[in-house]
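Examination of the molecular architecture
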Amino acid sequence: MLSNLNTNKHTKILCSYNDFMEEKLLVYGGRKLHGSVKVDGAKNAFLPIMAGCVLCDGEIELENFVHLLDIENMREILKTLNIKTHSNDRQLYIDTREIQNAKITHERTQKVRASIFLLGPLLARFKRAVIAYPGGCNIGSRPIDLHLGAFKTLGAKVLERHGYIFCDGTNLKAGNVIFDFPSVGATESVMMCACLLEGETVLKNVAKEPEIVDLQNFLNAMGAHVSGAGEDEIRVVGVKKMHGGNFHVMPDRIVAGTYLLATAICGGDIVVDGAILKDNESLVSFLKQTACQIEVFDDKIRLKADQRLCAIPKIETRPFPFFPTDLQSQMMVLQAVSSGVCLLQENVFENRFAVASELKKMGADIVVKDRTALVRGVEKLYGADVFASDLRAGASLVLAGLKAEGYATVHNVHYIDRGYEKIEERYKLLGADIKRIKIE
Ligand code: UD1
């Protein structure tokens with residue numbers, strides 16, 4: 001499968017954080033968005049699935065591939081385990097037949113938080129793992145106690161020293177894990193680890209995000225026995241070995257939601273191909289309250305907005321199926337230009353409101369106190385020099401720029417490239433005036 005592949009030209013483009021440090025997006029606002037756009041594979045499904053490949057012995061083909069900085073950084077980490085990867089435009093191939101256990105260093109993990117997903121699969125496969133603490137977007141303290149606590153419950157010895165986590169899984173056994181909070185990452189980590197443990201592991205108070213269901217489907221396609229993802233309890237019956245195979249990764253519900261919000265903000269008429277209602281129900285039900293028109297098809301959503309929308313009085317982020325923290329910043333922009341007042345409450349990550357100060361530079365009226373933001377809709381936003389502080393903040397600044405009068409310059413584009421493939425090209429196709437330029 002790997003032998004007849006093209007070399008990956010995209011890896012060259014997206015290979016390092018430094019490649020993006022000197023770029024910015026120049027957005028000239030005021031245009032409506034029109035047309036059809038296709039959503040690629042979900043970053044938050046790809047990353048755990050790539051870690052899950054460590055459990056498999058064989059060649060894996062992942063379809064619906066998306067060229068993102070986080071995914072390229074994860075590929076770099078897989079390389080240190082002697083796992084080979086190749087990609088073409090829409091497929092990623094992973095060959096784990098010569099996998100070797102290795103210490104995963106700080107230089108690798110600081111670039112991608114999802115590196116923590118490797119701990120469970122490495123423990124299950126090699127009975128020991130050494131990994132540096134994960135990095136990632138600065139959206140809150142982001143502890144990993146729930147991951148480590150669950151491994152301990154299953155019998156692992158865990159030692160945290162000098163920025164590294166040392167895990168001995170010699171006595172790992174299937175068992176029962178009850179999470180204190182339904183963490184997406186912890187649910188996925190333990191689910192993967194349990195795949196190769198003898199006996200049945202039962203996980204309770206689990207996260208129910210669609211990406212967890214996708215991970216379950218992937219694991220089962222590679223020979224695991226996992227059931228219950230998306231429901232209250234996940235059951236994993238351990239198998240001796242997992243194999244390679246082919247899997248189509250789900251479309252990115254957050255990218256889909258960002259397109260819908262962009263059109264609600266700018267006005268226009270777009271069809272988002274790959275927007276699935278059941279994955280974005282909370283967003284769609286809020287959008288229906290704002291006076292935009294929404295038509296839902298099997299795997300597409302159309303949104304039309306031809307007037308200033310009404311604010312939604314209260315929005316809270318909570319684990320799925322409620323409104324996702326990953327769409328909160330983009331929703332803040334919609335509220336900032338709607339008529340009325342919205343109280344936004346962020347219950348998942350404490351630093352997600354950092355974007356408010358950048359939006360205020362553009363004329364937004366937002367007062368932040370602890371985990372709530374009071375957003376009073378204004379008639380107009382104005383272009384300004386603004387700085388992304390994380391991935392979703394970056395996307396929301398682009399949306400604000402698309403609406404604003406005059407030029408907005410969005411800095412720290414490397415954050416946006418972690419989760420949106422060539423954002424400027426996609427929005428240009430919908431009629432936006434946006435370009436990427438190098439800082440002198
Ligand atoms: C995943 C997503 C991220 C999304 C988030 C919430 C990926 C790669 N990332 O992140 O985009 O914003 O879900 O939907 O899928 N927590 C602990 N201890 C832990 C783990 C988490 O206290 O061990 C807390 C966190 O601080 C946070 C909350 O639980 O307040 C949610 O975190 P979690 O669901 O784990 O998010 P991630 O898996 O990091």
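Let me sum up the structure you'll find in this document.

About the thresholds
- The numbering scheme is per chain: residues are counted from 1 as the chain's sequence reads.
- Under the rules for a predicted model, residues below a pLDDT of 70 receive no local features and side-chain atom pairs below 80 are neither given nor counted, while totals for whole chains, interfaces and linings still include all residues.
- Side-chain figures throughout are based on the complete set of non-hydrogen atoms in the structure, without hydrogens or water.
- Only a single heavy atom is needed: when it lies within 4 Å of a molecule or strand, its residue is near that molecule or strand.
- In protein, a polar contact requires one atom able to donate a hydrogen and another able to accept it; more generally it is a pair of N or O atoms within 3.5 Å, and residues adjacent in sequence count only if both atoms are side-chain atoms.
- Note on areas: these come from Shrake-Rupley sampling with a 1.4 Å probe, and a residue is covered only by the protein chains present in the view.
- With a 1 Å grid spanning the protein atoms alone, the term cavity applies to any set of points in which a 1.4 Å probe fits but cannot get out, the term pocket to an open set with protein on both sides within 12 Å along at least five of seven lines, and the term lining residue to any residue with an atom within 4 Å of a point.
- Placement in a cavity or pocket follows one criterion, namely that more than half of the molecule's atoms lie within 2 Å of its grid points.
- Secondary structure elements are taken from DSSP: a helix is a run of H or I of four residues or more, a strand is a run of E of two residues or more, and numbering for both begins at the N terminus.
- When residue character is reported, Ala, Val, Leu, Ile, Met, Phe, Trp, Tyr, Cys and Pro are called nonpolar, Asp, Glu, Lys and Arg charged, and the others, Gly included, polar.
- A domain assignment, automatic or from a database, supplies the domain bounds used here.
- Grid points are joined across faces, edges and corners, and a volume is the space filled by probe spheres set on the points.

**Structural notes on the site of the ligand**
Near the ligand there are 19 residues, and of these D145, S183, V184, D326 and V348 occur at the shortest range. A distance of 2.6 Å separates an oxygen atom of the ligand from a polar atom in the side chain of D326. In isolation the ligand offers 740 Å² of accessible surface; the protein chains occlude 85% of this area. More than half of the atoms of the ligand fall within 2 Å of the grid points belonging to the largest pocket. Those elements that place two or more of their residues in the shell around the ligand are α7 (145-153) and α8 (184-194). It is α7 that contributes the most residues to the shell around the ligand, three residues altogether. Among the residues making up the shell around the ligand, the classes are represented as eight nonpolar, five polar and six charged. Both of domain 1 (15-39 + 251-438) and domain 2 (43-248) provide at least three residues apiece to the shell around the ligand.

**Some words on empty space enclosed by the protein**
Where empty space is left becomes clear once a probe the size of a water molecule has been rolled over the atoms. Applying the stated criterion to the full structure yields two cavities of 30 Å³ or more. Taken as a whole, the largest cavity holds about 120 Å³ of empty space. Broken down by secondary-structure element, the contributors of at least two residues to the lining of the largest cavity are α10 (253-266) and α16 (423-429). If you tally residues by element for the lining of the largest cavity, the top one is α16, at three residues. Built from parts of two domains, the lining of the largest cavity gets at least three residues from each of domain 1 (15-39 + 251-438) and domain 2 (43-248). For the second largest cavity, the calculated volume is near 30 Å³. Forming the boundary of the second largest cavity are R253, D279, N280, S282, F320, P321, F322 and P324.

**What about the layout of surface pockets?**
In this structure, the largest pocket encloses a volume near 1,000 Å³. Lining the largest pocket are 46 residues, and of these R113, R142, V184, G185 and F349 lie nearest its centre. Where the lining of the largest pocket is concerned, the elements lending two or more residues are α3 (43-52), α7, α8, α10 and α14 (391-403). Among the residues forming the lining of the largest pocket, the class breakdown is 23 nonpolar, seven polar and 16 charged. Counting only domains with at least three residues in the lining of the largest pocket, you end up with domain 1 (15-39 + 251-438) and domain 2 (43-248). Taken as a whole, the second largest pocket encloses approximately 230 Å³ of empty space. Counted by class, the lining of the second largest pocket contains seven nonpolar, two polar and five charged residues. For the lining of the second largest pocket, the two domains that each supply at least three residues are domain 1 (15-39 + 251-438) and domain 2 (43-248).

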